[in-house]
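Chain residues, written in single-letter form:
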Amino acid sequence: MPAVLDIQSIVAGYTPSLPILRGVSLTVQDGEIVTVLGPNGAGKSTLIKAVIGLVPIAEGRALFLDRDITGSPTHQLVREGIAYVPQTENVFARLSVDENLALGADFDRQEIAARRERVLALFPDLAGLGRRRAGRLSGGQRQMVAFGRALMSAPKLLMLDEPSAGLSPKLTQAVFGQLRRIRDAGITILIVEQNARAALQVSDRGYVLAEGREHMQGDAADLLDSPEIGALYLGDRSRLAQQ
Ligand SMILES: Nc1ncnc2c1ncn2[C@@H]1O[C@H](COP(=O)(O)OP(=O)(O)OP(=O)(O)O)[C@@H](O)[C@H]1O
Ligand SMILES: [Mg+2]
């Protein structure tokens, strides 16, 4: 089985003279949950946007299931099986929950009803809210609609940008708990997160992005135990002092 996602030395950014990603490589294997950590502005969102065709890749390449997708347009990548949940404004606030979900399968309209059933099985809290405007939902419910919309395209790879942003610790746990179930349904997951501990706890592996490159990588359990990661991302300053 080839890697689901194989990012090879990608250089990318918003203007050619100022690359944000300066040679990033990472892989996501079939059935894995992989988290990318990094400080504010490290380029985590830029990395996901480069993969999904929203930021141009100047050098390097991205393979999806062994197929070179460098420079492919976003709509084509969604059809091929990559779904993306943006960091902010990831639901259509004026549309209903059902309308949001239906848009996620717009290119596969005959599948909408069946996929909606599967999404509601994963997120039972959304049952009964189908006609509610997404903008009137709680933060946690909105995030479930955003995930659900992404899952409506029946992706092979789900990319999530800061899924816990704005959520309470309790909801964060609930949302991350769902990621294991989504993975168990056959969907490989790439997360970028500031909430390192919660994300690593549900992940198989992690990478740390710094200064435009992958600065560190390892099994999620090892990263959770690492004094450097603890000090920088898990709020464990005392642990570094003890070393
Ligand atoms: N649309 C844009 N145009 C120009 N520069 C941008 C744009 N979006 C982001 N940047 C810059 O690119 C760099 C990386 O931003 P990015 O959003 O990828 O970081 P991030 O790691 O996701 O940060 P955060 O943790 O705050 O979400 C930052 O210096 C940012 O100012
Ligand atoms: Mg970001």
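Above: the structure in question.
An account of the accompanying structure is given in this report. Everything quoted here is computed from the prediction, not taken from an experiment.

Before going further, it helps to examine the nonpolar core. Core analysis: the biggest nonpolar cluster contains 70 residues, and L47, V51, L158, M159 and I189 have the highest contact counts within it. Ranked by the residues each element gives to this core, the list is headed by helix α5 (residues 139-151), at six residues. For I189, the residues in contact, after removing those within four places along its chain, are I33, L158, L160, L179, I182 and R183.

Looking now at the sheet that holds strand β8 (residues 188-192). Here we have six strands laid out as an open sheet, ordered β6-β7-β8-β3-β9-β10, and mixed in their pairing. With one partner strand each, in any of the chains shown, β6 (82-85) and β10 (213-219) form the two edges of the open sheet. Each neighbouring strand pair of the sheet contributes to a mean axis angle of 15 degrees, computed without reference to strand direction.

With that out of the way, let us pick up the sheet that holds strand β5 (residues 67-68). The antiparallel open sheet is built from four strands, whose spatial order is β2-β1-β4-β5. Of all strands in the sheet, those with a lone pairing partner are β2 (21-28) and β5, marking the two edges. With six bridges connecting them, strand β1 (residues 5-12) and strand β4 (residues 57-64) associate as antiparallel partners. Among the inter-strand pairings, D6 is bridged to a residue of β4, identified as L63. Running at roughly 115 degrees to β1, helix α1 (residues 44-51) makes contact with β1, β2 and β4 of the sheet.

The next point concerns the site of ligand 1. Near ligand 1, the surroundings consist of Y14, I20, G38, N40, G41, A42, G43, K44, S45, T46, Q87 and Q194. The residue makeup of the shell around ligand 1, split by class, is three nonpolar, eight polar and one charged.

Here the focus is α5. Because each turn of an α-helix spans 3.6 residues, side chains separated by three or four positions in sequence point in the same direction. With 13 residues, α5 ought to run about 18 Å at 1.5 Å a step, and its terminal C-alpha atoms sit 18 Å apart, in line with that. Burial runs high along α5: 10 of the 13 residues are buried. The complete set of buried residues in α5 reads R142, Q143, M144, V145, A146, F147, G148, R149, A150 and L151.

Among the six residues that make up strand β9 (residues 205-210), five are buried, leaving the element largely enclosed by the rest of the structure. The pairing of β9 with β10 spans six bridges and is classified as antiparallel. Paired with V208 across the bridge in β10 is M216. The loop that links β9 with its antiparallel partner β10 comprises two residues; one of these, E211, has a positive phi angle of about 50 degrees.

Attention now moves to the packing of helix α3 (residues 97-104) against α5. It is at 6 Å that the axes of α3 and α5 come closest, and there the two elements cross at 30 degrees. The way α3 lies across α5 gives a crossing that is right-handed. Residue-level contacts link V97, N100, L101, L103 and G104 of α3 to V145, G148, R149 and A150 of α5. Residues belonging to the contact of α3 with α5 are distributed by class as follows: five nonpolar, three polar and one charged.

With that settled, the discussion passes to the pairing of β1. When β1 meets β2, the two strands line up antiparallel, connected through six bridges. Counterpart to V11 in the pairing with β2 is R22.

What counts and what doesn't
Residues numbered from 1 in each chain as written. Chains lettered and ligands numbered in written order. Predicted model: local features only at pLDDT ≥ 70, side-chain atom pairs only at ≥ 80, totals over all residues. Core = buried A, V, L, I, M, F, W, Y, C linked by C-beta atoms within 7 Å. Buried ≥ 20, exposed ≤ 12 C-beta atoms within 10 Å, placed from the backbone. Helix = DSSP H or I, 4+ residues; strand = E, 2+ residues; numbered from the N terminus. Contact = placed C-beta atoms within 7 Å. Pairing = 2+ DSSP bridges. Axes fitted to C-alpha atoms, helices over the stretch in contact; angles between N-to-C directions. Near = placed C-beta within 6 Å. Nonpolar A, V, L, I, M, F, W, Y, C, P; charged D, E, K, R; others polar. Expected span 1.5 Å × (residues − 1). Left-handed = near helix turned anticlockwise from the far one by under 90°.

These figures come from the coordinates and say nothing about function on their own.
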